[in-house]
Amino acid sequence: MKPLISWHNSFSVNNDIIDSQHKKLIDIINHFYEVFKRKGNIEEIEQILAELKDYTKYHFSAEESIMEKAGYPDLEEHKRSHNQLVEKIVDIEKKFLDRKITVNFEMMTFLRLWLTNHILEEDKLYINFI
Ligand SMILES: [Fe+2]
Ligand SMILES: [Fe+2]
């Protein structure tokens, strides 16, 4: 099966730690997509949403500390963006746990863009600082 997101060199921020964390996020979303395609059960989906939320928080705080150590000037703006991205996942998880939404293709597209737009448009901005 073709993955939802394929790693491409254009995603690289020239930092091995951050690149490997971005690859892990891609893997989690691709796993979610695979479970969605084969109509996996509710427990499986709940587990992936929890993993996506937890790993996202872990990655964002690691990325923020790298930016902070490097004295990245737009750290506060980047943190606000991270907080909004986490809120979106928390919101999806909560609605799913409350059985207010189901997993569908729109959710997959949302997650694909949620991650790739942030890497390509915002993470890329710190490349020359870290
Ligand atoms: Fe970021
Ligand atoms: Fe990132």
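Conventions used here
Residues numbered from 1 in each chain as written. Chains lettered and ligands numbered in written order. Predicted model: local features only at pLDDT ≥ 70, side-chain atom pairs only at ≥ 80, totals over all residues. Heavy atoms only, no water. Salt bridge = Lys/Arg side-chain N within 4 Å of Asp/Glu carboxyl O. Helix = DSSP H or I, 4+ residues; strand = E, 2+ residues; numbered from the N terminus. Buried < 20%, exposed > 50% of the residue type's maximum accessible area, 1.4 Å probe, protein only. Phe/Tyr/Trp six-rings, centres within 6.5 Å; stacked < 30°, edge-to-face > 60°. Donors = N, O, S within 2.8 Å, 3.2 Å for Na, K, Ca; no water. Tetrahedral: all angles 85-135°; square planar, octahedral: opposite > 155°, others 65-115°. Expected span 1.5 Å × (residues − 1). Contact = heavy atoms within 4.5 Å.

Caption draft 1: Local environment of the pattern of salt bridges. Taken as a whole, this structure holds eight salt bridges when the rule is applied. Linking K24 and E51 is a salt bridge whose minimum nitrogen-to-oxygen distance equals 3.6 Å. Separated by 27 residues along the polypeptide, K24 in helix α1 (residues 16-37) and E51 in helix α2 (residues 42-69) bring together distant segments of the chain. Classification of K24 as partly exposed rests on a relative accessible area of 32%. A salt bridge links K95 to D91; the shortest N-O distance between them is 3.0 Å. One end of the pair, K95, and the other, D91, are both in helix α3 (residues 75-97), four residues apart, so they sit about a helical turn from each other.

Caption draft 2: Spotlight on the packing of aromatic side chains. Under the defined criterion, the tally for this structure stands at five aromatic pairs. Ring centres of Y33 and F36 lie 6.4 Å apart, and the angle between their planes is 35°; this geometry places the pair in the tilted category. With Y33 and F36 both in helix α1, this residue pair falls three residues apart, about one helical turn. Assessed through its relative accessible area of 9%, Y33 is described here as buried. Here the aromatic rings of Y72 and F129 are separated by 5.1 Å at their centres, their planes lie at 70°, and the arrangement is edge-to-face. Of this pair, Y72 sits in the loop between α2 and α3 while F129 sits in the segment after α4 (105-122), and the two are 57 residues apart along the sequence.

Caption draft 3: Representation of unusual backbone geometry in the model. Phi at N14 is positive, roughly 60°, even though this residue is not glycine. Along the chain, N14 falls in the segment before α1. In the Ramachandran plot, R99 falls in the positive-phi region, its phi being about 60° despite a non-glycine side chain. Here R99 shows up in the loop between α3 and α4. We classify R99 as partly exposed; its relative accessible area is 47%.

Caption draft 4: Spotlight on the coordination of the iron ion (ligand 1). Coordination sphere of the iron ion (ligand 1), protein contribution only: E63 (OE), H78 (NE2), H82 (NE2), H118 (NE2) and D123 (OD), at 2.0 to 2.3 Å. Expressed as a motif, the donor residue spacing for the iron ion (ligand 1) is E-x14-H-x3-H-x35-H-x4-D. The distance between the iron ion (ligand 1) and the iron ion (ligand 2) comes to 3.5 Å, with E63 serving as a donor to both metals. On the criterion of sequence distance, the pair formed by H82 in helix α3 and D123 in the segment after α4 is long-range, its members being 41 residues apart. According to the relative accessible area criterion, D123 is buried, its value standing at 0%.

Caption draft 5: Geometry of the coordination of the iron ion (ligand 2). Around the iron ion (ligand 2), the donor atoms from the protein are H22 (NE2), H59 (NE2), E63 (OE) and D123 (OD), and they sit 2.1 to 2.3 Å away. If you look at the iron ion (ligand 2), its four donor atoms make angles of 83 to 171° with each other, and the shape they trace is irregular. Sequence spacing of the donors to the iron ion (ligand 2): H-x36-H-x3-E-x59-D.

Caption draft 6: Local environment of α3. For α3, with 23 residues, the first-to-last C-alpha span of 33 Å sits near the 33 Å given by 1.5 Å per residue. Those residues of α3 that are buried are in contact with α2 and α4.

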